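Topology and contacts: notes
The primary structure of each chain is shown beneath.
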Amino acid sequence: MKKHIITLGIMLFCMVLFAQKPNAADIIREMSKNLVTENTKATTKMVVHSRRSSRTMEMLNYSSGKDKSFSEYLSPPREKGTKMLKLDNQLWIYDPTSDRTIQISGNMLKQSVMGSDLSYEDMTEDTDYAKDYNAEILEESKYDGREVWILKLSAKRNDVSYQMRKTYVDKERYIPLYEEWYAKNGKLLKTYKVSEVKKISGRWQPTKILFKDELKTGKGTEYIVVKMEIGIKIPEHIFSRASLRK
Amino acid sequence: MLKFLLKGIFRDRHRWFFPILIVMFSVAIMIFFSAFISGFQLSYIRQSARFSNGHAKVVSRAYAEVLDMKHYDLALMDIEEEFEKWKMRYPQLEWFERINFGALLDVPDEFGETKTQVDVIGMAVDLDEDSAEIDRLQLTQALRKGHLPQARGQILLSDLVAEKIEADLGDSITLMGSTMFGVMTLRNFEVVGTVEFGIPALDRGAVLAELEDVREMLDMQDAKSEIFCYLKDEEYDLKTVTQIANDFNSRYSDEEDEFSPLMLSLHDQGSLGSILSLYDHSQFWMSIGFIVIIGIVLWNMGLLNGIRRYSENGIRLAIGESKGQVYASLLMEALIIGIAGCVLGIALGILFCNSFNKVGMDLSLYNKSTNMMSENVLYTVLNPRAIITGSLTGLFASILGSALAGTAIYKRQISQLFKELET
């Protein structure tokens, strides 16, 4: 009997120990679960703080999983009616002034989206941490008053845009609060800083993010989620090229 | 003394014929090369001024820091009032706005889908029919097909670009670029003509559109990325332009404000100043090279002459002339020969240059493989500098040769003179 109690005690101790210290793979799996959403509709704002001024753009976004998304610019007037469609790894943009639909590919994917600190590549490549990266816990720390794991993520494949990331994951909400995105040669390319998090339809979602292209002289781009609905039904025609011209 | 020397030189054919011939040809060649380099330099300045630098250019300080990158997002903004003031203050200049931009030229098929895409260098200029830009950029001469844009929404393509994308006159193409705020922008244009400038950098991928169209496309209604300034007499003068630029910058430019205007003379733009001073240096080193080479040739001739005139010099020393006097007379002879050679050399150099200028040198084939901004046909430019450089080279070489050969005089032993003369 005494033996059984000791064995049970050891097992319980191990369970507690493992429960407190999940491994890096578990952490990024949880993050992916939280961040990759099915059928989302969101109204967002993008505030681009360039070297000499700031501009605000408003968009309506639809997304289904990681492979389909559709965005329409609602303002300012010059950009109103511009639409973007992403299907798998392909991206099209529709310009109402010229009434042309152009596929963005090759080098153009590296270009900035609407003058922001985000590239088209950033938009097409919706990161699935668990699928794209191997993770390693560097340390446990505090960031912005919250307990975080600091992870080093190394890309599993060569075609991932950022070959290395350093990410500060909120221990309680499993979302990245701060990230550094690096090139293969170790050069810091971009940073990602979350300043607001909300629980939407049972999932923690970052709703205010500052993206900063570290190779540009501007002050970064704020991405603000004004309204978000998760798990709604989105008509399939939204994710078709015909919807660009509508 | 001079009369004595002149008689001595011209009565003895050996003393003057070859030395004068050598000095004459070296002076002529030097003048020709100096004139050729000046011609090349001027052609380079003219083309650079016409297409990329102006005689001076006004940009923002931030734009000037990355001048070659043509960052039109760093353009001067809301300066309409100031611009009018600048025009009033510097009436000796003509002012033209231009926008240089990179874009992707997209050709649609019948369904509006992308058929071909090619990278192009966009140039937006004032193409009004009475605009001086048409003459300055020699657009009428550069036109290969069609006509210049006469209405909004029309565009000229370089011949090579048109060929690459198989565009015909009347075709619609889309230019895709970024506004000055970095937002993707697309605009449709009708191809109305093709051009060939003879400048490889432009011919490989240029498109030319009306300034207002591009301004609208790039969202630059209140912005000016580059203001080109030209002296009204069309000839670039570094001193005048530098004075104007210094005055402009002291009045309007503020080191603390990266978006304040800055006037850059043609010499101050990129590596142009150093390229031009390289040409100047090359002229100097070419002169030195010529002086040394011709000097050695004449030294050699002087030595041979010294052997031939061994007895003559011995008698002069024997009858009481000092070595210094004999040496000085040899130098005087060299000077006379140098002057005579220079006069003939100048005449021959002018003749070379004039004959060369009847056809010029066709550099079009060479230009195709380089990015040099020179005109396709090069001519020499004969200026006082070329003549002075050539003449000085001839004179110095002549004197140097004699000065070196003449040192043999000092090796003669007075005590041995009669013994030598007896033999």
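Residues numbered from 1 in each chain as written. Chains lettered and ligands numbered in written order. Predicted model: local features only at pLDDT ≥ 70, side-chain atom pairs only at ≥ 80, totals over all residues.

Each helix and strand in chain A was counted, giving five helices and 13 strands. Counting only C-alpha atoms, chain A reaches 80 × 40 × 35 Å along its principal axes. Burial status across chain A gives 32% buried among its 246 residues. In chain A, the share of contacts with a sequence separation of at least 24, taken over all contacts with a separation of at least 6, comes to 44%. (Helix = DSSP H or I, 4+ residues; strand = E, 2+ residues; numbered from the N terminus. Buried ≥ 20, exposed ≤ 12 C-beta atoms within 10 Å, placed from the backbone. Contact = placed C-beta atoms within 7 Å.)

Broken down by element type, chain B carries 16 helices and 14 strands. The dimensions of chain B, computed from C-alpha atoms along their principal axes, are 110 × 50 × 30 Å. Looking at chain B as a whole, 40% of its 423 residues are labelled buried.

This paragraph deals with the packing of helix α2 (residues 13-53) of chain B against helix α11 (residues 272-308) of chain B. Residue and element names in this part refer to chain B. At their nearest, the axes of α2 and α11 sit 11 Å apart, and the two run at 175° to each other. When the axes of α2 and α11 are compared, the pair comes out roughly antiparallel. Residue classes in the contact of α2 with α11 are distributed as 15 nonpolar, 10 polar and two charged. (Axes fitted to C-alpha atoms, helices over the stretch in contact; angles between N-to-C directions. Parallel < 35°, antiparallel > 145°, perpendicular 65-115°, else oblique. Nonpolar A, V, L, I, M, F, W, Y, C, P; charged D, E, K, R; others polar.)

Here the focus is the pairing of strand β4 (residues 114-125) of chain B. Residue and element names in this part refer to chain B. Here strand β3 (residues 93-108) pairs with β4 via 10 bridges, running antiparallel. Opposite A103, over in β4, you have V120 as the bridge partner. The antiparallel hairpin formed by β3 and β4 contains five residues in its connecting segment, where G112 sits at a positive phi of about 85°. (Pairing = 2+ DSSP bridges.)

Let us now look at the domain arrangement of chain B. Domain boundaries in chain B define domain 1 (2-48 + 274-422) and domain 2 (56-235). On a C-alpha basis, the centres of domain 1 of chain B and domain 2 of chain B stand 51 Å from each other. (Domains from an automatic or database assignment.)

Looking now at the environment of L175 of chain B. Residue and element names in this part refer to chain B. Among the secondary structure elements, L175 is positioned in strand β7 (residues 172-178). Classification of L175 by C-beta neighbours within 10 Å gives buried; the count is 24. Linking L175 and Q117, residues 58 residues apart in sequence, is a C-alpha distance of 9.6 Å. Not counting residues up to four positions away in its chain, the partners in contact with L175 are A103, L105, G122, R187, F189 and M217.

Ranked by internal contacts, the top residues of the largest apolar core, which has 113 residues, are I155, V207 and L208 of chain B. Residues F36, I346, L382 and A397 of chain B belong to the second largest nonpolar core, which totals 33 residues. (Core = buried A, V, L, I, M, F, W, Y, C linked by C-beta atoms within 7 Å.)

With that out of the way, let us pick up the interface of chain B and chain A. Each partner contributes to the interface: chain B provides 15 residues, whereas chain A provides 16 residues. Going through the elements one at a time, β3, β7 and β8 (184-195) of chain B are the ones with two or more residues in the side of chain B that touches chain A. Ranked by residues supplied to the side of chain B that touches chain A, first place goes to β8 of chain B with four residues. Looking at the side of chain B that touches chain A residue by residue, the classes come out as seven nonpolar, five polar and three charged.

Turning our attention to the packing of helix α1 (residues 2-11) of chain B against helix α13 (residues 323-359) of chain B. Residue and element names in this part refer to chain B. Where α1 contacts α13, the axes come no closer than 10 Å and their chain directions differ by 65°. It follows from the interaxial angle that α1 and α13 lie roughly perpendicular. Considering the relative orientation of α1 and α13, their crossing is right-handed. Facing L5, L6 and I9 of α1, the residues of α13 in contact are S329, M332, E333, I336 and I337. Of the residues belonging to the contact of α1 with α13, the class tally is six nonpolar, one polar and one charged. (Left-handed = near helix turned anticlockwise from the far one by under 90°.)

What follows deals with α2 of chain B. With 41 residues, α2 of chain B extends 56 Å from end C-alpha to end C-alpha; this agrees with the ideal 60 Å at 1.5 Å per step. In the stretch just after α2 of chain B, G54 of chain B is the one whose phi turns positive, near 65°. (Expected span 1.5 Å × (residues − 1).)

Next up on the list: unusual backbone geometry. Of note, the amide linkage connecting S75 of chain A to P76 of chain A takes the cis form, showing an omega dihedral of 0°. Within the element layout of this structure, P76 of chain A appears in the loop between β3 (68-75) and β4 (83-87). Unlike most non-glycine residues, N39 of chain A shows phi in positive territory, near 30°. For N39 of chain A, the location among the structural elements is in the loop between α2 (24-35) and β1 (40-49). Here D78 of chain B, not a glycine, exhibits a phi torsion of approximately 50°, which is positive. Along the chain, the position of D78 of chain B falls in the loop between β2 (76-77) and α4 (80-89). Look at D78 of chain B and you get exposed, because 9 C-beta atoms sit within 10 Å.

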